[in-house]
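Examining the three-dimensional arrangement
Next come the chains, spelled out residue by residue.
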Amino acid sequence: MRALTVRPHVRNSLEVRDLPEPVPEEGQVLVDGLAVGVCGTDREIVDGLYGWAPPGRDRLVLGHESLGRVRQAPAGSGFSAGDLVVGVVRRPDPVPCGACGRGEFDMCRNGQYTERGIKEIDGYGSQTWCVETAYAVKLDARLERVGVLLEPASVVAKAWEQVERIGGRSWFDPERVLVTGAGPIGTLAALLGVQRGLEVHVLDRVTEGPKPSLIEALGATYHTEDADEVMRSLVPDIVIEATGAAEVVFAALSGNARYGIVCLTGVSPVGRKLNVEASSINREIVLENDAVVGSVNANLRHYQQAAEALAQADLAWLERLITRRVPLDRADEAFTAHNDDMKVVLTLDLWGDPT
Ligand code: BGC
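Residues numbered from 1 in each chain as written. Predicted model: local features only at pLDDT ≥ 70, side-chain atom pairs only at ≥ 80, totals over all residues. Heavy atoms only, no water.

Cis geometry marks the peptide bond from Val-95 to Pro-96, where omega comes out at -20 degrees. In this structure, Asn-12 is a non-glycine residue whose phi angle is positive, near 55 degrees. By relative accessible area, which is 55% here, Asn-12 ends up exposed. Of note, Val-235 is a non-glycine position whose phi angle comes to about 45 degrees, a positive value. Position of Val-235 relative to the elements: it lies in the loop between helix H6 (227-234) and strand S15 (238-241). Given a relative accessible area of 40%, Val-235 falls into the partly exposed group. (Buried < 20%, exposed > 50% of the residue type's maximum accessible area, 1.4 Å probe, protein only. Helix = DSSP H or I, 4+ residues; strand = E, 2+ residues; numbered from the N terminus.)

Okay, structure coming up:
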């Protein structure tokens, strides 16, 4: 079978190679891969900046935003041949820490968790893959064209859960949310905000391409002004930050509503310096009971929440989020950025329709 491989920490080492077909172990389903999504983390790995190969090996199979069709499933597992399935990214640390021991592996305390396609376990970027039934999520058959969005949607479902739990520490009745960044994470965060009945605003730099109309089609408002200015005019109750751009992060920390919540989901490149008026930011956070929280990854509960959110969404709108489908053997093209890219997907089914 063909697989998308990379040598972590070696720049431009991406290579589609032939690997032996995996054989399912007890309790695993065997899956024909349909697609893997490409995200910022994959690009960082390909740029040699992130990622870890499995112990004793130098190459990692890339791909953590998965979608496949079950070929073979253990009897009584709840999965059958033909089911659409997505594999969970993270596995608990082996100790396990208290969080991992309770299924909250997205909150791992000792950092010894592993992640498929990212950290020490092969990913889902191969024509065939196996996954433990306990880490497999079944999807509605109608989601065949868009189910690859489940993993990014799970990250967003977790972010929303964090916001709601933090809000729940006192009386909480938010009305207005600002999402910064209209990439796939920001756009899915906006979708979940609209599904919650909130007034949703999205800030991005670009004025052209698919982003403005995707956001407006949700009934949300698209902004391109300076982040400080947008914060001043909207005074949002909630900010979901999905750019990782330092200026935007610090704009979000100041100027939000009293009891405001800022949830940071964007992973910044390291080493950027910024001059900020730190004491005013601290003063505002304290005097307004504001909260700032970082959020990464997702556990099984968030995958289920995300599956429900996708099932409720307009399928034609979700399809518009996937702006390019590139066959696995031309993987390089998927990693070359195009101006109008939203979600780029690699198709794994060599006989399927890549368009
Ligand atoms: C993935 C997460 C993962 C994180 C850090 C993200 O791209 O969606 O599941 O935890 O990268 O490795």
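We are not done yet, so read on.
Every α-helical turn comprises 3.6 residues, leaving residues that sit three or four positions apart pointing alike. Within helix H7 (residues 246-253), 6 of the 8 residues are buried, which leaves it mostly tucked inside the rest of the structure. Looking one or two places after H7, you find Gly-255, whose phi comes out positive at around 90 degrees.

Right, let's get into the site of the ligand. Residues in close proximity to the ligand include Cys-39, Thr-41, Tyr-50, His-64, Val-89, Arg-90, Glu-115, Ile-118, Glu-151, Val-155, Val-296 and Asn-297, which together make up its full environment. Residue Thr-41 places a side-chain N or O atom 2.5 Å away from an oxygen atom belonging to the ligand. A distance of 2.6 Å separates an oxygen atom of the ligand from a polar side-chain atom of Glu-115. Protein coverage of the free-state accessible area of the ligand, which is 310 Å², stands at 89%. Among the residues making up the shell around the ligand, the classes are represented as 6 nonpolar, 3 polar and 3 charged. (Near = heavy atom within 4 Å. Polar contact = N/O pair within 3.5 Å; in protein donor to acceptor, adjacent residues only side chain to side chain. Areas by Shrake-Rupley, 256 points an atom, 1.4 Å probe, with all protein chains shown as cover. Nonpolar A, V, L, I, M, F, W, Y, C, P; charged D, E, K, R; others polar.)

Turning to the pattern of salt bridges, a few remarks are in order. Going through the model one piece at a time under the given rule, you end up with 25 salt bridges. Arg-301 serves as the salt-bridge partner of Glu-161, at 2.8 Å between the closest nitrogen and oxygen. Here Arg-301 lies in helix H9 (residues 300-312) and Glu-161 lies in helix H3 (residues 150-167), a separation of 140 residues in the sequence. With a relative accessible area of 8%, Glu-161 lands in the buried category. Since its relative accessible area comes to 29%, Arg-301 is described here as partly exposed. Through salt bridges with shared partners, a single ionic network connects Glu-104, Glu-161, Arg-165 and Arg-301. (Salt bridge = Lys/Arg side-chain N within 4 Å of Asp/Glu carboxyl O.)

So, about the domain arrangement of the protein. What the domain assignment reports for the protein is domain 1 (2-139 + 314-347) and domain 2 (154-294). Computed from C-alpha atoms alone, the centre-to-centre distance between domain 1 and domain 2 is 28 Å. Between domain 1 and domain 2, the residue contacts involve 10 residues of the former and 15 residues of the latter. Counting the surface lost from both domain 1 and domain 2, the interface buries some 1100 Å², and carbon and sulfur atoms represent 71% of this. (Domains from an automatic or database assignment. Contact = heavy atoms within 4.5 Å. Buried area = accessible area lost by both parts, 1.4 Å probe.)

Enumeration over the complete set of coordinates arrives at 4 aromatic pairs. Seen from their ring centres, Tyr-50 and Trp-52 are 5.0 Å apart, and the 70 degrees between their planes marks the pair as edge-to-face. Exposure remark for Tyr-50: the relative accessible area of 26% places this residue in the partly exposed category. Taken together, a centroid distance of 4.6 Å and an interplanar angle of 65 degrees make the contact between Tyr-124 and Trp-129 edge-to-face. Grouping residues by exposure puts Tyr-124 and Trp-129 together as buried. If you follow Arg-91 out to its NZ or CZ, it ends over the ring of Tyr-135, 4.2 Å from the centre. Lys-119 extends its terminal NZ or CZ atom over the ring of Trp-52, reaching a point 5.9 Å from the ring centre. (Phe/Tyr/Trp six-rings, centres within 6.5 Å; stacked < 30°, edge-to-face > 60°. Lys NZ or Arg CZ within 6 Å of the ring centre and 35° of its normal.)

Let's shift gears to the nonpolar core. In terms of nonpolar packing, the biggest core is built from 91 residues, with Leu-4, Leu-150, Trp-160, Leu-318, Phe-335 and Leu-346 touching the most fellow members. Top element by residues in this core is H3. It accounts for 8 residues. Residues lining this core come from more than one domain, with at least three contributed by each of domain 1 (2-139 + 314-347) and domain 2 (154-294). Non-local contacts of Leu-4, meaning those with residues more than four positions away in its chain, are made with Leu-14, Glu-15, Val-16, Leu-60, Val-61, Leu-62, Gly-125, Leu-328, Ala-331, Phe-335 and Leu-346. By size, the runner-up hydrophobic cluster in this structure holds 13 residues, among which are Val-230, Leu-234, Val-239 and Ala-251. (Core = buried A, V, L, I, M, F, W, Y, C linked by side-chain atoms within 4.5 Å.)

Looking now at the environment of Gln-304. Following the sequence through the fold, Gln-304 ends up in helix H9. For the pair Gln-304 and Val-137, spaced 167 residues apart in sequence, the C-alpha to C-alpha distance is 7.6 Å.

Okay, the environment of Gln-312 next. The residue Gln-312 is located in helix H9 in this model. Sequence spacing of Gln-312 and Gln-195 is 117 residues, and the spatial spacing of their C-alpha atoms is 8.6 Å.

A separate point is a negative patch on the surface. A surface patch of negative charge is lined by Glu-225, Asp-226, Asp-228 and Glu-229. Residue Glu-229 is classed as partly exposed on the basis of its relative accessible area, which comes to 39%. (Patch = residues over 30% accessible without salt bridge, like charges linked within 9 Å, V, L, I, M, F, W, Y side chains within 5 Å. Lys, Arg positive; Asp, Glu negative; His and termini not counted. Charge placed at Lys NZ, Arg CZ, Asp CG, Glu CD.)

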